[in-house]
Amino acid sequence: QGTDAPPTLDPLPDDPALELAQKAYWHPSPIAARKASVAQQRPLLIFFASKWDGECPAVDLVDDLFSQTDFSEYAGAHLVLTTVFEPVGARPKGFSDARMAAVKRFKEYFKVRSFPTVVILDNQGRELERIKGYSRVKKYSRVGNSMKETGRFSTAHLHLQKIKDAVKRHEDRLENERVRRESLTRQGYRLWTSRAGSSLLAKLTEVRSDGIILMDEQGRSRRVHPKQLCLFDFEWARRKHAGTLPP
């Protein structure tokens, strides 16, 4: 995606362009939405949109999907939502030069070239799905000697199915990770945390005067100095070695 983190987008007092469903919360700041995705372990859906006069696919997608109750109820249970809106023409009130620059950086970071684009990320920031564009199906009927357009029908169900498939992949991945962690825990593995905040899933194999020996999931041994560990893990290792941990 890029080497730099996306910029902060300060929320606007009111969204001037898109009326999104109210039951599911749309975070006004993508940064806050990212934090919520991590905390809740839910996928993050970012809706990149713009609005212009005449036929506007982003507005059609909002009308056909994002403003619908079914989507709102589903998203409220499975997703974290946010939008990145880029105005066309005159800027709505509240769009400063800094905000416009931040929107541009977000587009570049996620490699968004057109509107609408939906990007879905897992809770670790990895891309699960990308859905570009939106169009309704045109219905034609014979009028006299020619065929004329007489209506248009939503194709939002195709977007919704892709979104649900992405969520299912994410939930399956989380479940597989949970099962893997439980299996390793039964084998004596636990999560070790350093004083710097990094972590390692490993098994204690030996305690020495100059440090402890941990074995990671791949069977590799690592020597860790006691001062590198957080105080809780250091004390746990000491008591484990002394045999004073409760069963």
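Take the sheet that holds strand β2 (residues 44-51) next. Within the open sheet, the five strands sit side by side as β1-β3-β2-β4-β5. Their pairing is mixed. Of all the strands in the sheet, just β1 (26-27) and β5 (127-132) have a single pairing partner and so form its edges. Bridge analysis of β1 against strand β3 (residues 80-87) gives two bridges, and the strand direction is parallel. In the strand pairing of β3, Trp 26 is matched with Leu 81. Strands β1, β2 and β4 (117-121) of the sheet are contacted by helix α2 (residues 57-66), whose axis makes an angle of about 135 degrees with β2. On top of the sheet, helix α4 (residues 97-109) reaches β2 and β3; it is set at about 115 degrees to β3, its chief contact.

The next thing to look at is the sheet that holds strand β11 (residues 221-224). The strands making up a sheet are joined through hydrogen bonds of the backbone, oriented either antiparallel or parallel. Judged by pairing direction, the sheet is antiparallel, and its four strands sit side by side in the order β8-β9-β10-β11 without closing on themselves. Taken across any chain shown, the strands that pair with only one partner, and hence form the sheet edges, are β8 (189-193) and β11. Strand-to-strand twist across the sheet, computed as the mean angle between neighbouring axes with direction ignored, equals 55 degrees. Together, β8, β9 (199-208) and β10 (211-216) form the strand contacts of helix α6 (residues 231-242), whose direction differs from that of β8 by roughly 140 degrees.

For the peptide bond that leads from Phe 115 to Pro 116, omega is -10 degrees, which places it in the cis range. Within the secondary structure, Pro 116 sits in the loop between α4 and β4. One non-glycine residue, Gln 41, lies in the positive phi region at around 55 degrees. With respect to the secondary-structure elements, Gln 41 resides in the loop between α1 (30-40) and β2. Phi is positive for Lys 111, close to 55 degrees, though the residue is something other than glycine. Of note, Lys 111 is situated in the loop between α4 and β4. Its relative accessible area of 42% is what places Lys 111 among the partly exposed residues.

Conventions and cut-offs
- Residues numbered from 1 in each chain as written.
- Predicted model: local features only at pLDDT ≥ 70, side-chain atom pairs only at ≥ 80, totals over all residues.
- Heavy atoms only, no water.
- Pairing = 2+ DSSP bridges.
- Helix = DSSP H or I, 4+ residues; strand = E, 2+ residues; numbered from the N terminus.
- Contact = heavy atoms within 4.5 Å.
- Axes fitted to C-alpha atoms, helices over the stretch in contact; angles between N-to-C directions.
- Buried < 20%, exposed > 50% of the residue type's maximum accessible area, 1.4 Å probe, protein only.

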